[in-house]
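Take a look at the letters that make up each chain.
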Number of protein chains: 2
Amino acid sequence: MRLTSYTDYALRTLMYCGLRRDGLATISEIAEAYGISRNHVVKIVHDLGRLGLLDTRRGKGGGIRLGRPPAEIRLGRLVALLEGARPLVECFDPHACHCPIVGVCRLQDVLAEAQQAFYDALDRYTLADLLESAVGLRERLGLSAAV
Amino acid sequence: MRLTSYTDYALRTLMYCGLRRDGLATISEIAEAYGISRNHVVKIVHDLGRLGLLDTRRGKGGGIRLGRPPAEIRLGRLVALLEGARPLVECFDPHACHCPIVGVCRLQDVLAEAQQAFYDALDRYTLADLLESAVGLRERLGLSAAV
């Protein structure tokens, strides 16, 4: 079972923005802090902006910050949104499925139930829970206590 | 969130063998029934044989059958075995992880809890539950009632 690196980086991008207390984050800063590709961060920030999860302002004095309070960002819903179009197995996508037993087979329902349990478990947490160890996290990300 | 097609096909291979009441299944027959690559099935049957989940006999009168009763094959444990080495995200694999916040970040624990919820939900079912609609499944797989 695997989540995309896109989802992984999107979660970390939101964490970074949640940890940056004053001022606004930049794409280069996020990419550098995690050692990931700037292009990845560009796409993530664009998508999270469209979802209203990031507030992006261009120009001088611009930058990126959370679009909603961390305690309102539930992780199950968030990961489901980010992974949304990606089927757990072939038969979850009616356009890609060539399995002859689809419709008779219970496996799809059983896997869907397990997938829901995964998202329900994540939904017990919000972005705020991921920011609890803020001091240690800021230290590792090169964000001084004042930033 | 995605399972490998290897896991998907392994589950279907076990279902096929559980549906074949008399005689023994063959690799070609399984590959043809699902329209999947023979090479995939060879690898799956080999691995499931090593796990004791399939009993494979070579030579004349040989073939493949379940190595354990379907009601004893729990789906959570099975999928965990099949997906085992595959990390949910980068930081689940200490050798591949370059994230600077690993060890301070709660995300890993939260995701591990959700992953466990996924496997626990699957563990409420066994292979026997997937074989309940045997008549319809056999029909779709070209297995006559007698086979």
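Criteria and thresholds
Residues numbered from 1 in each chain as written. Chains lettered and ligands numbered in written order. Predicted model: local features only at pLDDT ≥ 70, side-chain atom pairs only at ≥ 80, totals over all residues. Heavy atoms only, no water. Core = buried A, V, L, I, M, F, W, Y, C linked by side-chain atoms within 4.5 Å. Buried < 20%, exposed > 50% of the residue type's maximum accessible area, 1.4 Å probe, protein only. Contact = heavy atoms within 4.5 Å. Least-squares fit on C-alpha atoms with pLDDT ≥ 70 in both. Buried area = accessible area lost by both parts, 1.4 Å probe. Salt bridge = Lys/Arg side-chain N within 4 Å of Asp/Glu carboxyl O. Polar contact = N/O pair within 3.5 Å; in protein donor to acceptor, adjacent residues only side chain to side chain. Helix = DSSP H or I, 4+ residues; strand = E, 2+ residues; numbered from the N terminus. Nonpolar A, V, L, I, M, F, W, Y, C, P; charged D, E, K, R; others polar. Domains from an automatic or database assignment.

Participant: Please provide a residue-by-residue account of the nonpolar core, values included.
Facilitator: Core analysis: the biggest nonpolar cluster contains 112 residues, and Met15(A), Tyr34(A), Phe118(A), Met15(B), Tyr34(B) and Phe118(B) have the highest contact counts within it. Excluding its chain neighbours within four sequence positions, the residues that come into contact with Met15(B) are Ile101(A), Cys105(A), Tyr34(B), Leu127(B), Leu130(B), Leu131(B) and Leu137(B).

Participant: An account of the relation of the copies chain A and chain B is requested, with residue identities and associated values reported.
Facilitator: Each of the two chain copies goes to the other by way of a rotation about an axis and a shift along it. Superposing chain A onto chain B takes a rotation of 180° combined with a translation of 0.0 Å along the rotation axis, leaving an RMSD of 0.0 Å. When the rotation and shift are considered jointly, the pair of chain copies conforms to a two-fold rotation axis. In this assembly the copies share their binding face: 100% of the residues contributing to the interface of chain A also contribute to that of chain B.

Participant: Which residues make up the interface of chain A and chain B, and what values do they have?
Facilitator: For an interface, size is often stated in terms of accessible area lost upon the parts coming together. Contact residues are listed per partner, giving 45 residues for chain A and 45 residues for chain B. Where chain A abuts chain B, roughly 4,700 Å² becomes buried across the two surfaces, and 65% of that area is made up of carbon and sulfur atoms. On the chain A side of the contact with chain B, Met1(A), Arg2(A) and Arg106(A) bury the most area, a combined 18% of that side's loss. Inspection of the chain A/chain B interface yields six salt bridges. Residue Glu90(A) is joined to Arg12(B) by a salt bridge in which the shortest nitrogen-to-oxygen separation is 3.7 Å. Applying the counting rule to chain A against chain B returns 19 residue pairs in polar contact (both at pLDDT 80 or more). Contributing elements (two or more residues each) for the side of chain A that touches chain B: helix 1 (5-19), helix 2 (27-34), helix 4 (75-83), helix 5 (107-122), helix 6 (127-130) and helix 7 (134-140) of chain A. Element by element, the count of residues in the side of chain A that touches chain B is highest for helix 5 of chain A, at eleven residues. A class-by-class count of the residues in the side of chain A that touches chain B yields 30 nonpolar, three polar and twelve charged.

Participant: So, the domain arrangement of chain A: which residues are in play, and what are the values?
Facilitator: Residue and element names in this part refer to chain A. We note that the domain assignment places domain 1 (1-73 + 127-147) and domain 2 (74-125) within chain A. With centres defined by C-alpha atoms, the gap from domain 1 to domain 2 works out at 27 Å. The interface is formed by 17 residues belonging to domain 1 together with eleven residues belonging to domain 2. Note on domain 1 versus domain 2: buried area summed over both sides is about 1,200 Å², and carbon and sulfur give 75% of it. Applying the counting criterion to the domain 1 and domain 2 interface returns zero salt bridges.

Participant: Which residues make up the environment of Leu14(B), and what are the values?
Facilitator: All names here are of chain B. With respect to the helices and strands, Leu14 occurs in helix 1 (residues 5-19). Along the chain, Leu14 and Ile64 lie 50 residues apart, while their C-alpha atoms are 9.9 Å from each other. Setting aside its immediate chain neighbours within four residues, Leu14 contacts Leu48, Leu53, Leu54, Leu66, Leu78 and Leu127.

Participant: Could you give an account of the pattern of salt bridges, naming the residues involved and the relevant values?
Facilitator: For the coordinates displayed, the defined rule picks out 20 salt bridges over all chains. Between Arg20(A) and Glu29(A) there is a salt bridge, with its nearest N and O atoms 2.4 Å apart. The residue Arg106(B) makes a salt bridge to Glu132(A) at a minimum N-O spacing of 3.2 Å. With Arg106(B) in the loop between helix 4 (75-83) and helix 5 (107-122) and Glu132(A) in the loop between helix 6 and helix 7, the pair connects residues from two separate chains. Beyond isolated ion pairs, a larger network of salt bridges with shared partners links Asp8(A), Arg12(A) and Glu90(B).

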